[in-house]
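Each chain, letter by letter, is given below.
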Amino acid sequence: MLEVKWARGRRRASGRGAAGKRARAARGCPGGGRRPRPGRGAAQESGGRRAARAERSGCGGRDGDAQPARLSVLREEEGISWTGSATSCAHPVWVISHTKDFSFGNEKDAHESDENLERGNWSNKGDYLLSLVGYAVGLGNVWRFPYLTYQNGGGAFLIPYTLMLALAGLPLFFMECSLGQFASLGPVSVWRMLPLFQGVGITMVVISTFVTIYYNVIIAYALYYLFASFQKVLPWSDCFSWADELCSKTQIVNDCNTTLNGEIIRANYSFIAGNNLTCINGTINYKPVQFPSEQYWNKVTLQRSSGLDETGKIVWYLALCLLLSWMIVGAALFKGIKSSGKVVYFTALFPYVILLILLVRGATLEGALDGIEYYIGRQSNITKLMEAEVWKDAATQIFYSLSVAWGGLVALSSYNKFHNNCYSDAILVCVTNCATSVFAGFAIFSILGHMAFVSQRPVSEVVDSGFELAFVAYPEALSQLPASPLWSFLFFFMLVLLGLDSQFATIETLTTTIQDINPRVMKKLRVPVTLGLCAAFFFLGLICVTQAGIYWVNLIDHFCAGWGILISAVLEIVGIVYIYGGKRFIEDIEMMIGKKSSLFWLWWKMCWFFITPVLLMAILIWSLITFSNPTYGSVLYPTWGSAVGWCMIIFCVIWIPIVAIVKILKAEGNLVQRIVSCCQPAANWGPYLERHRGERYSHIVDPKTTKEHEIPTVSAIIYKRY
């Protein structure tokens, strides 16, 4: 590569005088070397002749004074560039250099290895893989999968779970990773491949926006418990001043049958205890008591109101934790993937260390074996596989666990280099995700088994999922261990890290969507845009840290994280396979990972063309049939609350028909021609960089110079020939 170095001082820079002649002669330039004619810029002279002359002699020369501030005027394929800053007292000197890139001043070029200089690329493959793992492995792996396994037959549940991974999860995961990597575009702009379905990408982004608001609130809960663990005695370890009469760590007898003067009577336990009587076995009725951890969660952490109607005040310490969580997200993402790609080395890997520590500790406790047997041992029930509900739970868990159809996989993969092997990446991340779920179950159930042993209850009475597992059952179990603050700190630190990884990718999805509008501007404004998004989401999330906040979190999760994602997934796979063309999509993938045999693609074709769409449709229909109004515990939502939920899901999916109608209206021809033209790839669809387009995409309009919202029409598709 030919570099231009600028020397200070007109005489010295131009190489005039005896010293200059001697210097040029020393470089092998007879007569001091030939210079370009004054007044002609480098772009005006033949790039080939100048390159040849420079390569032969290594001579420098002085150019005209009318040079722009920064030049890049020689063709890239010649391996020559001219960059620098021209001033009245500085002149370029051509120098032959074998360095790969030019760095100006003392600043090191952080993007020197980037293939796509406009959008940027991952610094290395490890950044990408760990970001994918962090995105896929989230809170659901810890607080939902173990409970589903226990509820659906224990170890037998792994059979439908594995099958659903192969039939539904992995095909969609591979499809989205390939799609983002091929076009180097986010979840909205990538629909240049099928403009009629661009609303699907918008739906993904809108749903991600809703979810990211409440997801960080869950991280705020974990942060609060993390800070509360810095005490000698955990505040939820016993019934302290905040508790009521129903708080108890053991069961409390309410009444029972006893024998008095030869007669069997029913009496309150206070009467029986006062008269030194004994309850008859099998007749004891217990009071509905609550663990200290349950009352701490409701009365102290949430200060929970009676329902959605009673908003109450903002819980200030949760608001501060929410602010801290958004500050962490903003700090990790202020440089985009260049900064988040380094943070995930800790946030994605350290949870595995904590899980291992918790598993080792749990396995040494009394009752741990009972818990594990309920999870995946002798309590396994193979007959459960005859129930359709088990298969539905397996498919749903795989679908949500892998984070497909949220837009994040497309966004993260869009920063890959074009020839990255996204096939092996997809398999590795999917297997890692599922193995993490199984591994987490052992750590959870070993300690819950000990809790059941200590409280003299069956394991089935202490097992729960979701918020009740993370903030009630498991903290209660940890409080009964020696050095309980240490174990509590480790557990909630793990929850924080698991949540942050997923949050990083979700915010990156939104910034990638904005970046695709104008990559060059976004590159300069990434920091203010990222921080602005974090600030806006913090204020939007304040409703979720009021005394009714948990009801809002549950409401958004119930509506937005359900049907909308399923609808997006069904339309995504149908649009790509049946309209864009499955064969064409496979050829696109082969441009990146190389030609594969027909036998290699047989499985993927079976899944993409038939099995996966059918499974997704079945899950969607099942979800619609079994829909019920949201509840939180025993608290029912008011009618207006359910109406708000319906408005949210409608707002998420309404973009699909709206965008389709707008595209059709902007097209030309009759109705059929308009629809057909909108089902054709846009004129600027294809690999982002020209060097990767090959013969198949040599005709496309440059994506960097054509706006993504332009509509291809029957009479107006213009192909730019090179």
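Definitions and limits used
Residues numbered from 1 in each chain as written. Predicted model: local features only at pLDDT ≥ 70, side-chain atom pairs only at ≥ 80, totals over all residues. Heavy atoms only, no water. Helix = DSSP H or I, 4+ residues; strand = E, 2+ residues; numbered from the N terminus. Buried < 20%, exposed > 50% of the residue type's maximum accessible area, 1.4 Å probe, protein only. Contact = heavy atoms within 4.5 Å. Areas by Shrake-Rupley, 256 points an atom, 1.4 Å probe, with all protein chains shown as cover. Axes fitted to C-alpha atoms, helices over the stretch in contact; angles between N-to-C directions. Parallel < 35°, antiparallel > 145°, perpendicular 65-115°, else oblique. Nonpolar A, V, L, I, M, F, W, Y, C, P; charged D, E, K, R; others polar. Core = buried A, V, L, I, M, F, W, Y, C linked by side-chain atoms within 4.5 Å. pLDDT = per-residue confidence, 0-100. Salt bridge = Lys/Arg side-chain N within 4 Å of Asp/Glu carboxyl O. Disulfide = S-S within 2.5 Å. Pairing = 2+ DSSP bridges. Expected span 1.5 Å × (residues − 1). Bend = angle between axes of the 7 residues up to and from the residue. Phe/Tyr/Trp six-rings, centres within 6.5 Å; stacked < 30°, edge-to-face > 60°. Lys NZ or Arg CZ within 6 Å of the ring centre and 35° of its normal.

## A closer look at the overall build of the protein chain
Looking only at helices and strands, the protein chain features 26 helices and 7 strands. Across the 722 residues that make up the protein chain, the buried fraction comes to 56%. Sequence-distant contacts, at least 24 apart, represent 80% of the contacts inside the protein chain between residues at least 6 apart. Total accessible area on the protein chain is roughly 31,400 Å²; 61% of this is exposed by carbon and sulfur atoms.

## Some points on the environment of L318
Looking at where L318 falls in the secondary structure, it is placed in helix α11 (residues 316-333). Counting along the chain gives 96 residues from L318 to A222, while the straight-line C-alpha distance between them is 9.9 Å. Sequence-distant contacts of L318, defined by excluding residues within four places in its chain, comprise A220, Y221, Y224, T301, L302 and V545.

## Concerning the packing of helix α7 (residues 158-183) against helix α23 (residues 598-625)
Running from N to C, α7 and α23 cross one another at 105°; their axes reach a closest spacing of 9 Å. One element, α7, and the other, α23, form an angle in the roughly perpendicular class. Where α7 approaches α23, its residues M164, A166, L167, A168, L170, P171, L172, F174 and M175 are matched on the opposing element by W601, W603, W604, C607, W608, I611, T612, L615 and L616. Counted by class, the contact of α7 with α23 contains 17 nonpolar, 1 polar and no charged residues.

## Notes on the packing of helix α8 (residues 198-228) against helix α10 (residues 292-301)
Where α8 meets α10, the axes come as close as 13 Å, and the angle between the chain directions of the two elements is 105°. Taken together, the axis directions place α8 and α10 in an arrangement best described as roughly perpendicular. Contacts between α8 and α10 involve Y221, Y224, Y225 and A228 from the first element and Y296, W297, V300 and T301 from the second. Taken together, the residues of the contact of α8 with α10 sort by class into 7 nonpolar, 1 polar and no charged.

## Quick look at the nonpolar core
Counting residues in hydrophobic clusters, the biggest one holds 202 residues, and the most contacted among them are F173, Y221, W297, F467, F491 and W608. A total of 21 residues in this core trace back to one element, the largest contributor, which is α8. Those residues within four positions of F467 in sequence are excluded, and the remaining contacts are W143, I218, Y221, W297, V472, I550, V553 and Y632.

## Details of the confidence of the model for the protein chain
Chain-level statistics for the protein chain give a pLDDT mean of 83 and a share of 81% at 70 or above. This model gives residues 707-722 a pLDDT under 50, and the stretch forms 42 contacts once residues within four places in sequence are excluded.

## Examining the pattern of salt bridges
Counted under the stated rule, the structure contains 12 salt bridges. Among the ionic pairs, R119 bridges to D516, the shortest N-O distance being 3.2 Å. Of this pair, R119 sits in the loop between β2 (90-96) and α4 (125-136) while D516 sits in the loop between α19 (484-515) and α20 (519-540), placing them 397 residues apart in sequence. There is no split in this pair, since R119 and D516 are both buried. Counted as one network, the salt bridges with shared partners bring together E587, D588 and R696.

## Brief notes about the state of the cysteines
Enumeration according to the criterion identifies 2 disulfides in this entry. Residue pairing for C239: its cysteine sulfur links by disulfide to C247, the two sulfurs lying 1.9 Å apart. The chirality of the disulfide connecting C239 with C247 is left-handed, given an S-S dihedral of about -85°. Each disulfide pairs two cysteine sulfurs, and for C256 the partner residue is C279, the sulfurs being separated by 1.9 Å.

## Here we look at the pairing of strand β4 (residues 263-268)
In this sheet, β4 lies alongside strand β3 (residues 253-260) in antiparallel orientation, the contact comprising 6 bridges. By the bridge assignment for β4, T259 is matched with I264. In sequence, β3 turns back onto β4 through a hairpin of 2 residues, with N261 there showing a positive phi of about 55°.

## Let's talk about the sheet that holds β4
With antiparallel pairing, the 3 strands of this open sheet are ordered in space as β4-β3-β5. Of all the strands in the sheet, just β4 and β5 (285-286) have a single pairing partner and so form its edges.

## Some remarks on helix α22 (residues 563-593)
The first and last C-alpha atoms of α22 sit only 34 Å apart over 31 residues, clearly below the 45 Å expected at 1.5 Å per residue. At G581, α22 is bent by approximately 100°, the largest bend along its length. Count one or two residues on from α22 and you reach G594, which has phi positive near 100°.

## Here we look at the pairing of β3
Sheet analysis places β3 next to β5, joined by 2 bridges and oriented antiparallel. What sits directly across from V253, in β5, is Y286.

## Let's talk about the packing of aromatic side chains
According to the stated counting rule, one finds 66 aromatic pairs in the structure shown. With centroids separated by 5.1 Å and ring planes inclined at 70°, the aromatic side chains of F491 and F492 adopt a geometry described as edge-to-face. Comparing F491 with F492, the two get one shared label, buried. An angle of 85° between the planes, with centres 5.9 Å apart, marks the rings of Y578 and F609 as edge-to-face. With Y578 in helix α22 and F609 in helix α23, this residue pair connects regions lying 31 residues apart in the sequence. A residue is classified by how much of its surface remains accessible, and Y578, at 48% relative accessible area, is partly exposed. Cation over ring: R119 sits above Y415, and NZ or CZ is 4.7 Å from the ring centre. One cation-aromatic arrangement involves K596 over F600; the distance from NZ or CZ to the ring centre is 5.6 Å.

## Overview of unusual backbone geometry
At S403, a residue that is not glycine, the phi angle is positive and equals roughly 60°. When you line up the elements, S403 lands in the loop between α15 (388-401) and α16 (408-413). Unusually for a residue other than glycine, A483 sits at a positive phi of about 55°.

## What to know about α11
In this model, α11 (18 residues) spans 26 Å end to end at C-alpha, consistent with the 26 Å of a helix rising 1.5 Å per residue. Within α11, burial applies to Y317, L318, A319, C321, L322, S325, W326, V329, G330, A332 and L333. Tucked inside the fold, the buried residues of α11 contact α8, α10, α12 (337-347), α19 and α20.

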